[in-house]
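Architecture at a glance
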Amino acid sequence: MENKQFPQRFLWGSATSAHQVEGGLHNDWTEWEEKNAERLAGEAEKKFSHLAIWPNIKAQAQDPQNYISGRACDHYNRYEEDFDIAQSLGHTAHRFSIEWSRIEPREGEFDEKEIEHYRNVVRALRARGMEPFVTLWHWTQPTWIADIGGWENKRTVEYFLRFIKKIAHEFKNEVTFFIVLNEPNIYTAFGFIKGSHPPGIKNILKAKKVYLNLCDAQKRAYKIIHSVHPRAQVGIANSFMHFEEKNRLFFNVFIKDTVEYFWNFWFLNKIKNDLDFIGCNYYSRYLVGFGNETVKTGDMSDLGWEIFPKGIYFILKRLKKYKKPMYVTENGIADAQDKQRKNFIIDHLMWMHEAIEEGVDVRGYFHWSLLDNFEFPEVRGFWPRFGLVEVDYETMERKIRPSAQVYAKICKTNSLLPDSNF
Ligand code: FCB
């Protein structure tokens, strides 16, 4: 492999979300965790015993405490130490979320101390030469929002926009990049169709209502942020999956196209005129359709997700038609032993580089995640290890994984070096 350079001023970093790393929260998820921890621990064997990692995680996955986010990584108190690490690893940007339940714990009461906290977070990043990318909603809401029916209720959109306006005012001199919503597709599918996330509903009509309300919120937030802060760059971080049909049955091609349209493009098509950039969260390939699988699949992560680096290339190429700047806002792997992460990073970045060579306007990459954290998609808790940095949840000690050093070389040289140099 020859040396592959990335464009000048390409941003390199990692991503987190408040609920997964901060600790000490009180929101609709923490309440749901308290009520569901026992059940989740009881279901662990059925859900996870097929995974190769099961013997290592069995005790943890069957312990109800694993499903309580609690003090998480205590990042709320340790963000400076964590950003020192990110800086030492050559990161030039960082994605994190502002937690609505901290800012507005009761309806209409904004907590100035918490605003000050996030201002300090932004300043800590700037002081270390890292561009802040602020997510405004990463799935959690204040309990008073859940009490009025959450995103099923139109009033939630209005309340959310008031919160957005407040944040835009407070941060207009300090933040350029705002990601309004994180993965509205996953939120709606798991929370309102599959029922595996709070509020645990399985109702397609409710799901539709929620999805449309989120869509409305994203579009109007764009206008509000721009009215307060004309130079802002406002985007979304959506989950994009690479779909393929299980086999060449004619009907399966149709299924694949339909699933792909609804998952990857439906929301984006609705909001594309109110968007400065597209954030792409990419993890894996999914095989859909009927019949036996004839596709040969690759290695799996600890979570059993297939490692399929070329998928990032396919997705970025398909997103090119929107003619917007793009950032990979999440991409990463659950790999407790850090055996696969190095190649995962190199291979995905190689395919991202290929897309850039072919004219796709990708301007930054955020690895998921800086730290091991509380994995809330489908509520797996603390056993999946996504961090560039390992966290000891007893002592809160941080330990940089070897793969993080490989990524650091890429960040620092703004290039993928020939193999022998890693
Ligand atoms: C995504 C979420 C993120 C993280 C990864 C593994 O769906 O946006 O918070 O948990 O999955």
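You'll find the structure just up there.
Please read all numbers here as calculations on a predicted model, not as lab measurements.

Each value, and the rule that gives it
Residues numbered from 1 in each chain as written. Predicted model: local features only at pLDDT ≥ 70, side-chain atom pairs only at ≥ 80, totals over all residues. Heavy atoms only, no water. Helix = DSSP H or I, 4+ residues; strand = E, 2+ residues; numbered from the N terminus. Contact = heavy atoms within 4.5 Å. Salt bridge = Lys/Arg side-chain N within 4 Å of Asp/Glu carboxyl O. Buried < 20%, exposed > 50% of the residue type's maximum accessible area, 1.4 Å probe, protein only. Pairing = 2+ DSSP bridges. Axes fitted to C-alpha atoms, helices over the stretch in contact; angles between N-to-C directions. Core = buried A, V, L, I, M, F, W, Y, C linked by side-chain atoms within 4.5 Å. Right-handed = clockwise from strand over helix to strand, strands pointing away. Near = heavy atom within 4 Å. Polar contact = N/O pair within 3.5 Å; in protein donor to acceptor, adjacent residues only side chain to side chain. Areas by Shrake-Rupley, 256 points an atom, 1.4 Å probe, with all protein chains shown as cover. Nonpolar A, V, L, I, M, F, W, Y, C, P; charged D, E, K, R; others polar.

In this section: the side chain of Thr 135. Note on placement: Thr 135 falls in strand E4 (residues 131-135). Not counting the four nearest positions on each side in its chain, Thr 135 is found in contact with Arg 95, Phe 96, Ser 97, Ile 98, Ile 179 and Asn 182.

Scanning all chains against the criterion turns up 36 salt bridges. A salt bridge links Arg 220 to Glu 158; the shortest N-O distance between them is 3.1 Å. Of this pair, Arg 220 sits in helix H10 (residues 204-228) while Glu 158 sits in helix H8 (residues 154-171), and the two are 62 residues apart along the sequence. According to the relative accessible area criterion, Arg 220 is partly exposed, its value standing at 29%. The partly exposed category is assigned to Glu 158, whose relative accessible area is 39%. Among the charged side chains, a network of salt bridges with common partners joins Glu 112, Glu 116, Arg 119, Arg 123, Lys 166, Glu 170 and Glu 174.

Further remarks concern the sheet that holds strand E6 (residues 233-245). Read around the closed barrel, the eight strands follow the order E2-E3-E4-E5-E6-E7-E8-E9; overall the barrel is parallel. Sheet twist, expressed as the average angle between the axes of neighbouring strands with direction ignored, equals 30°. Note that E6 and strand E7 (residues 277-288) share 10 bridges and pair parallel. Bridge pairing links Ser 239 to Asn 281 in E7. Together, strand E5 (177-182) and E6 form the strand contacts of H10, whose direction differs from that of E5 by roughly 165°.

As a further point, take the nonpolar core. A general feature of soluble globular proteins is that nonpolar side chains tend to end up buried together. Core analysis: the biggest nonpolar cluster contains 143 residues, and Trp 12, Trp 151, Phe 160, Leu 316, Leu 319, Leu 349 and Met 352 have the highest contact counts within it. For this core, the element with the most residues is H10, which contributes 10 residues.

Moving on to the pairing of E7. Most of E7 is tucked away: 11 of the 12 residues are buried. Here four bridges tie E7 to strand E8 (residues 326-330), and the two strands are oriented parallel to one another. Following the sheet pairing, Ile 278 is matched in E8 by Met 326. What joins E7 to E8 is helix H12 (residues 310-319), and the crossover it makes is right-handed.

The environment of the ligand is made up of Gln 20, His 138, Trp 139, Asn 182, Glu 183, Tyr 283, Glu 330, Trp 368, Glu 375, Phe 376, Pro 377 and Phe 386. Asn 182 is positioned with one of its side-chain polar atoms (N or O) 3.0 Å from an oxygen atom of the ligand. Within the side chain of Glu 375, an N or O atom sits 2.8 Å from an oxygen atom of the ligand. For the ligand, whose accessible area on its own is 290 Å², the fraction buried by protein is 98%. A per-class count over the shell around the ligand returns six nonpolar, three polar and three charged.

Structurally, Asn 36 is set in helix H2 (residues 28-48). Engagement of the side chain of Asn 36 in a polar contact is seen with the backbone oxygen of Trp 32, the distance being 2.8 Å.

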